[in-house]
Amino acid sequence: MGLLDNKKGIIFGVANEKSIAWAIAQRLHKEGAELAFTYAGEVLIDRVTPLAESIGSKLILPCDVSKDDEIDTVFNKIKEVWGGLDILVHSVAFASKEELKGMYADTTREGFRIALDVSAYSLVALAKRAYLLMEGRGGSIITMTYLGSERVLPNYNVMGVAKAALEASVRYLAADLGQKGIKVNAISAGPIRTLAAMGIAGFREILHHVEERAPLKRNVSADDVARTALYLCSELSNGVTGEIIYVDAGYNIVGM
Ligand code: NAD
Ligand code: 0WE
């Protein structure tokens, strides 16, 4: 008996075994969920396929979330094979590397457009297709955010503004989809060494800073995040929607 027996879920955002989405997928699978995976572009197919197959997934589909036609193909396939959907995990973000350094004041129009499109609008693009498959069976949509949405963190820049839009979208989507019995929530994770964190100047210092100041005096792991994801995707969180839940060892509550 698992918390997610007979549930069907789709995971967006696995790039490799360090991805937060992969930690979430493993937790959901352990509790009985059957999962589909998408990957962003052909270069990732060889990374994602063995991971997905290792937990028995047969649906492994290409999807660049900035392309409506690719998203449509994914949801058509889910409808054809499963006839419905219970869980959607959105764990996708992108901004041009140029935008993640220097001053936010120097953000370009194109850099802003791409960051907001891939990192924030994509949740709406997925939710608007997912709810049609979730109607009549409840459902849970989760996304990943970061403290840079509400505080100024050096170099996070346009990603912070994209995460603010993402978090506001969580609330608007929760209000819309609540009447269909679908919950929409976000997890605000502390810094974790993943592909998305690689090459970020000063990431080591960020990890060190959090470890010293967070109430739990440590950093969080992708599995710490995945445990909260499991709660949000299961009936344990039945009364919870529109929330931003911090999995950050308590870092966000600390003043001095
Ligand atoms: P990751 O690099 O493993 O995951 C990011 C994913 O986004 C990758 O799988 C990548 O393929 C995907 N992606 C990028 N552009 C895409 C596109 N156009 N279409 C489809 N997919 C696309 O890194 P991660 O740390 O696991 O990041 C997952 C989420 O967690 C992101 O939303 C990130 O902002 C968030 N987050 C990360 C941290 C951290 O410190 N690592 C902290 C808080 C929140
Ligand atoms: O959301 C993120 C990172 C998302 C991200 C990462 C990259 C790196 C490679 C988005 N786009 C790109 N584009 C690339 O070309 N995090 C929460 C991790 C992160 O990123 C930072 C951080 C932290 C923490 C960037 C600057 C400062 C801190």
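Here, every reference points to the structure presented above.
Thresholds applied
- The residue numbers shown here count from 1 along each chain, following its written sequence.
- Ligands are numbered from 1 and chains lettered from A, in the order in which they are written.
- With the structure being a predicted model, the display of local features is reserved for residues of pLDDT at least 70 and the display and counting of side-chain atom pairs for 80 or more, all residues being used for whole-chain, interface and lining totals.
- Side-chain measures here rest on the full set of heavy atoms in the structure, leaving out hydrogens and waters.
- Neighbouring residues are identified by heavy atoms, a residue being near a molecule or strand if any of them is within 4 Å of it.
- Residues adjacent in sequence count toward polar contacts only when both atoms are side-chain atoms; beyond that, a polar contact is any pair of N or O atoms within 3.5 Å, and within protein one must be able to donate a hydrogen and the other to accept it.
- In this description, accessible areas are obtained by the Shrake-Rupley approach with a 1.4 Å probe, and a residue is regarded as covered only by the protein chains that are shown.
- Only DSSP runs of H or I with at least four residues qualify as helices, and only runs of E with at least two residues qualify as strands; both kinds are numbered from the N terminus onward.
- Expected span, for any helix, means 1.5 Å times one less than how many residues it has.
- Categorising residues by exposure relies on relative accessible area from a 1.4 Å probe, with only protein chains included: less than 20% of the type maximum marks a residue as buried, more than 50% marks it as exposed, and the intermediate range marks it as partly exposed.
- Residues count as neighbours in contact if any of their non-hydrogen atoms are within 4.5 Å of one another.
- At least two bridges found by DSSP between two strands is the condition for calling them paired.
- With the strands pointing away from the viewer, any crossover whose connection runs clockwise from the first strand over the helix to the second is right-handed.
- By definition, a salt bridge exists where a carboxyl oxygen of Asp or Glu is found within 4 Å of a side-chain nitrogen of Lys or Arg.
- Axes, fitted as lines to C-alpha atoms, cover a helix only where it is in contact. Angles between the N-to-C directions of the axes lie from 0 to 180 degrees.
- Roughly parallel here means an angle under 35 degrees, roughly antiparallel means over 145, roughly perpendicular means 65 to 115, and every remaining angle is called oblique.
- Note on convention: the crossing is left-handed when the near helix lies turned anticlockwise from the far helix by less than a right angle, right-handed when the turn is clockwise.
- Whether two aromatic rings pair depends on their centres lying within 6.5 Å, for rings of Phe, Tyr and Trp, where Trp uses its six-membered ring; planes under 30 degrees apart make the pair stacked, over 60 edge-to-face, and the rest tilted.

So, the site of ligand 1
Part 1 of the reasoning: Neighbouring ligand 1 are 27 residues; Gly-13, Ser-19, Lys-163, Ile-192 and Thr-194 lie closest to it.
Part 2 of the reasoning: Ala-15 is positioned with one of its backbone polar atoms (N or O) 3.3 Å from an oxygen atom of ligand 1.
Part 3 of the reasoning: At 3.3 Å, a backbone N or O of Val-92 approaches an oxygen atom of ligand 1.
Part 4 of the reasoning: Here ligand 1 loses 90% of its free accessible area of 810 Å² to cover by the protein chains.

Things to note about helix α7 (residues 222-233)
Part 1 of the reasoning: When the terminal C-alpha atoms of α7 are compared, their 16 Å separation across 12 residues agrees well with the 16 Å that a helix rising 1.5 Å per residue should span.
Part 2 of the reasoning: Of all 12 residues in α7, nine are buried; the element is thus mostly enclosed.
Part 3 of the reasoning: Packing partners of the buried residues in α7 comprise α1 (20-30), β4 (87-90), β5 (140-145), β6 (183-189) and β7 (244-247).

Comments concerning the pairing of strand β3 (residues 59-62)
Part 1 of the reasoning: Across four bridges, the pairing between strand β2 (residues 34-39) and β3 is parallel. Its bridge partner lying in β3, Tyr-39 is registered against Pro-62.
Part 2 of the reasoning: In this view, the connection linking β2 to its parallel neighbour β3 by way of helix α2 (residues 45-54) has right-handed handedness.

Let's talk about the pattern of salt bridges
Part 1 of the reasoning: Applying the stated rule across the entire model yields 14 salt bridges.
Part 2 of the reasoning: Salt-bridge contacts for Asp-223 lead to Arg-27; the nearest nitrogen and oxygen are separated by 2.8 Å. Of this pair, Asp-223 sits in helix α7 while Arg-27 is found in helix α1, placing the two residues 196 residues apart along the sequence.
Part 3 of the reasoning: Residue Asp-223 is classed as partly exposed on the basis of its relative accessible area, which comes to 27%.
Part 4 of the reasoning: Through salt bridges with shared partners, a single network forms among Arg-27, Asp-223 and Arg-227.

Some thoughts on the packing of α1 against α7
Part 1 of the reasoning: At a minimum axis separation of 8 Å, α1 and α7 run at an interaxial angle of 50 degrees. By the criterion of interaxial angle, the relationship of α1 to α7 is oblique. Pair α1 / α7 crosses with right-handed handedness. Across the interface between the two elements, Ile-20, Ala-23, Ile-24, Arg-27 and Leu-28 of α1 pack against Ala-222, Asp-223, Val-225, Ala-226, Arg-227, Ala-229, Leu-230 and Cys-233 of α7.

Considerations on the packing of aromatic side chains
Part 1 of the reasoning: Scanning the entire structure with this criterion turns up three aromatic pairs.
Part 2 of the reasoning: Plain terms: the ring middles of Tyr-146 and Tyr-156 are 5.0 Å apart, the flat faces sit at 70 degrees to each other, and that makes the pair edge-to-face. Placement of the pair is Tyr-146 in the loop between β5 and α5 (157-177) and Tyr-156 in the loop between β5 and α5, with a sequence separation of 10 residues. Across this residue pair, the class does not change: Tyr-146 and Tyr-156 are buried.

Here's the deal with the pairing of β5
Part 1 of the reasoning: Summarising burial for β5: six of the six residues are buried, a large majority.
Part 2 of the reasoning: Residues Ser-140, Ile-142 and Met-144 of β5 are buried on one face, and the alternating residues Ile-141, Thr-143 and Thr-145, pointing to the opposite face, are buried as well.
Part 3 of the reasoning: Sheet analysis places β4 next to β5, joined by four bridges and oriented parallel. Paired with Ile-87 across the strands is Ser-140, a residue of β5.
Part 4 of the reasoning: On the question of chirality, the crossover connecting β4 to the parallel β5 by way of helix α4 (residues 109-134) is right-handed.
Part 5 of the reasoning: Note that the unit made of β5, α5 and β6 has a crossover that is right-handed.

A short note on the sheet that holds strand β1 (residues 8-12)
Part 1 of the reasoning: One open sheet holds the seven strands; their spatial order is β3-β2-β1-β4-β5-β6-β7, and the pairing between them is parallel. Of all the strands in the sheet, the pair left with one neighbour each is β3 and β7. Neighbouring strand axes in the sheet, compared pairwise and without regard to direction, differ in orientation by 20 degrees on average.
Part 2 of the reasoning: Strand contacts of α4: β1, β4 and β5, with the helix running at about 175 degrees to β4, the strand carrying the most contacts.
Part 3 of the reasoning: Docked against the sheet, α5 engages β4, β5, β6 and β7, running at close to 165 degrees with respect to β5.

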